[in-house]
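Each chain, letter by letter, is given below.
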Amino acid sequence: MIEIDGLVKQYGPARALDGLSFTAKAGTVTGFLGPNGAGKSTALRILLGLDRADAGHATVGGRRYADLRAPLHLVGSLLDAKAVAPRMSAHSHLLALARSNGISIRRVTHVLETCGLQQVSRRSAGDFSLGMSQRLGLAAALLGDPAVLILDEPVNGLDPDGIIWLRGLLRALAAEGRTVLLSSHLMSEMAQTAHDLVVIGQGRLLAQTTVADIVSRAAGGGVRLRTPDAGAFADVLRGRGFTVGTPDGSGVPGDDPGSPTGHPGGVTLHVRAGTTDEIGRLAAEQRITVLELSSLEVSLEEAYLQLTRDQVQYRGRFTSDIEAPAGGRVPETDGVLS
Ligand SMILES: Nc1ncnc2c1ncn2[C@@H]1O[C@H](COP(=O)(O)OP(=O)(O)OP(=O)(O)O)[C@@H](O)[C@H]1O
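Counting from 1, residues in each chain are numbered in the order their sequence is written. At least 70 in pLDDT is required for a residue's local features to be given in this predicted model, at least 80 for side-chain atom pairs to be given and counted, and no such filter applies to totals for whole chains, interfaces and linings, which use all residues.

As a reminder, the rule being used: UniProt positions are given in the numbering used here, feature names are shortened, and annotations may be inferred rather than shown by experiment.
In the annotation of an unreviewed UniProt entry, the entry for the protein reads ABC-2 type transport system ATP-binding protein, and the organism field reads Catenuloplanes indicus. If you open the UniProt record of the protein and go to Sequence similarities (unreviewed entry), you find "Belongs to the ABC transporter superfamily."

Dropping the structure here:
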């Protein structure tokens, strides 16, 4: 278990952490998210004894990292995959770590195999690609068979095969009862790997919850449906107290006097607060054709962007002509870099 309690860290005028508190449970992959500059790396560095907090505590298994005698047995970490002496081979790097932590040589062979590095284990780490370096960093993190894993952006540089491998590995390690704290900006990957989520912004906790909870809260409940009789069905639904709209906020067909009330190909409606059972039965009762019916869902990425909208410090701007309508001008668009 990882416990972060009231961490404060000031770098000159920049307040990197502003009373941050959260926990990461054993037996779970906890995703650690936040916009650029939110304070994730600072929190992880303090947790791993690489930096000092101005106030607050960070413990692993109830103890400060600095107080651990052979830390690799309890905590495996990956902060910077390229932080390896470039002339050392992967094998020598792991062997040196194993010797200094009283870990058997058999574990070196084991983690090289687990991370798919057997064939390149004698090559210099400095010649490794980013993906290979990430695998070596993961091998080092796993070396002491630790109960806790702390990984900062481990997916960076991995190929699709490597991403699927890592996802399975982290979930399997958590299923064995280990604590896995994982930071990543790749929301689709986080959605598939993590169960719990900690979201921070400007050094403060924004949410500690599960992936499922954050997504369902952002969706706000409701139903999405497609029907050729949109105007008629919208009238029925409103008559029963539902709020009806369209995905892009344009008017529901038939709302403007004289406008068409439907479309043979169907019009998509969003119904707030209903369930698919309720809306499906109502459509059948009213003999209204429904071509599609599903719960309103948002992706983790959309939910995360809603949550952190006011916390983004570094926002890029770009102008794109890729999707310009013929002869049309594309307006400047905000782009969030993360
Ligand atoms: N060593 C340092 N010296 C000065 N300022 C620092 C230092 N480390 C971090 N900061 C500042 O602290 C804040 C938090 O940075 P941190 O690297 O922890 O964020 P992050 O969430 O990991 O960001 P990213 O997603 O971009 O990696 C930023 O404003 C950063 O500029």
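### A few points about the pairing of strand β8 (residues 196–201)
In summary, the side chains of a regular strand alternate between the two faces of the sheet. What counts here: Exposed residues have 12 or fewer other C-beta atoms within 10 Å of their own C-beta, buried residues have 20 or more, and partly exposed residues fall in between, where C-beta atoms are placed from the backbone. Runs of E in the DSSP output that reach at least two residues are strands. Runs of H or I that reach at least four are helices, and both are numbered from the N terminus. Two strands make a pair as long as DSSP finds a minimum of two bridges between them.
Across the six residues that make up β8, a large majority, six, are buried. The alternating pattern of β8 places D196, V198 and I200 and L197, V199 and G201 on opposite faces, both of which are buried. Bridge analysis of strand β3 (residues 28–33) against β8 gives four bridges, and the strand direction is parallel. Paired with G31 across the two strands is L197, which belongs to β8. Bridge count between β8 and strand β9 (residues 204–210): six bridges; the pairing is antiparallel. Counterpart to V198 in the pairing with β9 is Q208. Between β8 and β9, which pair antiparallel in sequence order, lie two residues; one of them, Q202, sits at a positive phi of approximately 50°.

### Let's talk about the site of the ligand
Applied cut-off: Think of it this way: take the backbone, place a C-beta atom on it, and check whether that atom is within 6 Å of the molecule or strand, in which case the residue is near it. All amino acids are sorted into three groups, where Ala, Val, Leu, Ile, Met, Phe, Trp, Tyr, Cys and Pro are nonpolar, Asp, Glu, Lys and Arg are charged, and the leftover types, Gly among them, are polar.
The full set of residues close to the ligand is Y11, A14, A16, G34, N36, G37, A38, G39, K40, S41 and T42. Elements represented by at least two residues in the shell around the ligand include exactly β2 (14–24) and α1 (40–47). A per-element tally of the shell around the ligand places α1 first, with three residues. In the shell around the ligand, the residues fall into four nonpolar, six polar and one charged.

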